[in-house]
Amino acid sequence: GMINWVRSQGGSFNPKVEIRRMDPSNNSSPLGVFAKESLDEKELIMHIPDKCYIQVWGAAIDMGALEGEEAKDANLFNLCELTHELIKEMELGDQSQFAPYIAYLKTQKSGQLPAHWSEQGKHVLRNISFPGSEIVDWIDLNFHTTGCISSDDPFEAYMVELVVQRSFDAALIPLWDTVNHDN
């Protein structure tokens, strides 16, 4: 799978750790990285070569010196660019140079973020969240209305959801995304 692919690209994955379900007896349980034995301080857990990243650094806005609305706008631009790159790779599927990672991403369920909950679930959350919160409507407000993605394409909205969940800056990094969470 993905570990062998990363290794074939010059990467490494420490044999003292494993990626498995949080509850191994439950196939819907989330995946995570778990130590199988003690790790030494500063022992390398994984190395993922840049060539394994789905990334848009060439088009991304450097957010290092930005603050406030400028930083938010730059982040949304970068997420939009990465979403378009992910859509392209997903459409390539087995023909993508990232095929093992794409296969893994295709197993990820939609609806892990409130923006993709059922309308009934969104309604409940809107009623209990603070006024002005974008917790439910952020895909519509920041990606549909800006023209980043089509408002009538649930696949594109799902790609935004995956990018927000799994990206680091302007890149999707295989294996690393099992330990990199914003939520």
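Residues numbered from 1 in each chain as written. Predicted model: local features only at pLDDT ≥ 70, side-chain atom pairs only at ≥ 80, totals over all residues. Heavy atoms only, no water.

(A) Representation of the overall build of the chain in the model. Tallying secondary structure elements over the chain gives six helices and seven strands in all. Relative to the 2.2 N^0.38 estimate, which gives 16 Å for 183 residues, the radius of gyration of the chain is 18 Å and therefore close to what a compact globule would have. Principal-axis analysis of the C-alpha atoms gives the chain an extent of 45 × 40 × 35 Å. Counting the 183 residues in the chain, one finds 39% classified as buried. Partitioning the intrachain contacts of the chain with sequence separation of at least 6 by distance along the chain shows that 57% fall at a separation of at least 24. Accessible area for the chain stands at about 10600 Å²; split by element, carbon and sulfur atoms hold 52% of it. Side chains of the chain carry 14 positive and 28 negative charges; the gap between the two charge centres is 9 Å. (Helix = DSSP H or I, 4+ residues; strand = E, 2+ residues; numbered from the N terminus. Rg over C-alpha atoms; globule rule 2.2 N^0.38 Å. Buried < 20%, exposed > 50% of the residue type's maximum accessible area, 1.4 Å probe, protein only. Contact = heavy atoms within 4.5 Å. Areas by Shrake-Rupley, 256 points an atom, 1.4 Å probe, with all protein chains shown as cover. Lys, Arg positive; Asp, Glu negative; His and termini not counted. Charge placed at Lys NZ, Arg CZ, Asp CG, Glu CD.)

(B) Local environment of the nonpolar core. In this structure, Ile48, Ile54, Leu86, Tyr101, Leu105, Ile139 and Phe143 are the most contacted members of the largest nonpolar core, which totals 41 residues. For this core, the element with the highest residue contribution is helix α2 (residues 68–92), accounting for seven residues. Other than its neighbours up to four places away in sequence, Leu86 contacts Ile54, Ile102, Leu105, Met159, Leu162, Val163 and Leu172. (Core = buried A, V, L, I, M, F, W, Y, C linked by side-chain atoms within 4.5 Å.)

(C) Layout of the packing of α2 against helix α6 (residues 154–166). At a minimum axis separation of 9 Å, α2 and α6 run at an interaxial angle of 115 degrees. Here α2 and α6 pass one another in a crossing that is right-handed. From α2, Leu79, Leu82, Thr83, Leu86, Ile87 and Met90 reach across to α6, where they touch Phe155, Glu156, Met159, Val160, Leu162, Val163 and Val164. A per-class count over the contact of α2 with α6 returns eleven nonpolar, one polar and one charged. (Axes fitted to C-alpha atoms, helices over the stretch in contact; angles between N-to-C directions. Left-handed = near helix turned anticlockwise from the far one by under 90°. Nonpolar A, V, L, I, M, F, W, Y, C, P; charged D, E, K, R; others polar.)

(D) Representation of the pattern of salt bridges within the structure. Summed over the entire model, instances satisfying the criterion amount to seven salt bridges. In this structure, Lys72 engages Glu134 in a salt bridge whose closest nitrogen and oxygen atoms are separated by 3.8 Å. One end of the pair, Lys72, is in helix α2; the other, Glu134, is in the loop between α4 (119–128) and α5 (138–144), and 62 residues separate them in sequence. (Salt bridge = Lys/Arg side-chain N within 4 Å of Asp/Glu carboxyl O.)

(E) Structural context of the packing of aromatic side chains. Overall, the coordinates contain three aromatic pairs when judged by the stated rule. Relative to Tyr104, the ring of Tyr101 has its centre 6.3 Å away and its plane inclined at 10 degrees; by these criteria the two rings are stacked. With Tyr101 and Tyr104 both in helix α3 (residues 99–105) and three residues apart, this pair spans about one turn of that helix. Of the residues examined, Tyr101 reaches a relative accessible area of 0% and is grouped as buried. The aromatic ring of Phe34 is capped on one face by Arg20, whose charged end is 3.8 Å from the ring centroid. (Phe/Tyr/Trp six-rings, centres within 6.5 Å; stacked < 30°, edge-to-face > 60°. Lys NZ or Arg CZ within 6 Å of the ring centre and 35° of its normal.)

(F) Examining the environment of Arg166 more closely. Its location among the elements puts Arg166 in helix α6. Given a relative accessible area of 7%, Arg166 falls into the buried group. Each C-alpha atom, one on Arg166 and one on Val179, is 9.2 Å from the other, the two residues being 13 residues apart in sequence. At 2.8 Å, the side chain of Arg166 forms a polar contact with the side chain of Gln108. (Polar contact = N/O pair within 3.5 Å; in protein donor to acceptor, adjacent residues only side chain to side chain.)

(G) Layout of the state of the cysteines. What the rule picks out here adds up to one disulfide. The disulfide partner of Cys80 is Cys148, and the S-S distance across this bridge is 2.1 Å. Disulfide Cys80-Cys148: torsion about the S-S bond near 115 degrees, hence right-handed. Here Cys80, found in helix α2, pairs with Cys148, found in the loop between α5 and α6; they are 68 residues apart in sequence, far enough to count as distant. Judged by its relative accessible area of 7%, Cys148 falls in the buried class. (Disulfide = S-S within 2.5 Å.)

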